[in-house]
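Single-letter residue listing:
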Amino acid sequence: LCRDPAWDADLVVVGRGAEVPAWQARARSAGLTDRIEFLGFVRDLPDLYRACDAHCLPSRYEGYSLVTQEALACGLPAFVTRTAGIAGRYPDSLADFLIPDPDDAADLADRLRRWRSQMDTYRALASPFGQALRDHTWDHMAEQIAALIDAPA
């Protein structure tokens, strides 16, 4: 998408890992360093989320993806692989946010193009889920755990 002159969004990559140098080299060799920014480790993610339009995590394996939950709680539409742990919490209305195959770049690009052409609609779809995640507090979690412990075997 960043090669497409009509695509008006830039990619910001957050985090560290063994693959980052290879991704940076690929971005350089493709001439995309002005469209893809690698931030590395970021301490204040809520500020970053507020500066973004969407979150995308097309990982091959993701246990739960707390960063996705944080992005949703900050009001961002969040695209995540269907097999990620958090995907099980997504309501049916967010099916287009669930990436079936993290290796299918064409499908992901199509999803992002749909999102970009209907940003307000996608944000409105994600908003109730983000609110539900924000409303589920540590106290609620503690009550659920206590109920499970106290439940008859």
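Use the structure listed above.
The following paragraphs examine the structure supplied in this document. (Residues numbered from 1 in each chain as written. Predicted model: local features only at pLDDT ≥ 70, side-chain atom pairs only at ≥ 80, totals over all residues. Heavy atoms only, no water.)

Position of D120 among the secondary structure elements: in helix α5 (residues 119-135). Under the relative-accessibility criterion, D120 is labelled exposed at 68%. As a C-alpha pair, D120 and P77 span 43 residues in sequence and 9.9 Å in three-dimensional space. (Helix = DSSP H or I, 4+ residues; strand = E, 2+ residues; numbered from the N terminus. Buried < 20%, exposed > 50% of the residue type's maximum accessible area, 1.4 Å probe, protein only.)

Further remarks concern the pairing of strand β2 (residues 36-40). Inspection of the sheet shows strand β1 (residues 11-14) paired to β2 by 4 bridges, in the parallel sense. Bridging across to β2, V14 finds its partner in G40. On the question of chirality, the crossover connecting β1 to the parallel β2 by way of helix α1 (residues 20-29) is right-handed. (Pairing = 2+ DSSP bridges. Right-handed = clockwise from strand over helix to strand, strands pointing away.)

By volume, the second largest pocket is sized at about 210 Å³. Lining the second largest pocket are Y64, L66, Q69, R89, L133, H136, T137, W138 and M141. For the lining of the second largest pocket, the secondary-structure elements that each account for two or more residues are α3 (66-73) and α6 (138-150). Per-class residue counts for the lining of the second largest pocket are 5 nonpolar, 3 polar and 1 charged. (1 Å grid on protein atoms, 1.4 Å probe; cavity = no way out; pocket = protein on both sides within 12 Å on 5 of 7 lines; lining within 4 Å. Points joined across faces, edges and corners; volume = space filled by probe spheres on them. Nonpolar A, V, L, I, M, F, W, Y, C, P; charged D, E, K, R; others polar.)

As for its position among the elements, W115 is in helix α4 (residues 105-117). Considered as a pair, W115 and F79 are 36 residues apart in the sequence and their alpha carbons are 9.9 Å apart. Those residues within four positions of W115 in sequence are excluded, and the remaining contacts are W7, D53, A54, P77, F79 and Y122. (Contact = heavy atoms within 4.5 Å.)

By the definition in use, this model includes 0 disulfides. You can see C56 has no disulfide; the closest cysteine sulfur is in C2, sitting 11 Å from it. Under the relative-accessibility criterion, C56 is labelled partly exposed at 32%. Distance from the sulfur of C74, which forms no disulfide, to the nearest cysteine sulfur (C52) is 10.0 Å. (Disulfide = S-S within 2.5 Å.)

That is the geometry; function is a separate question.
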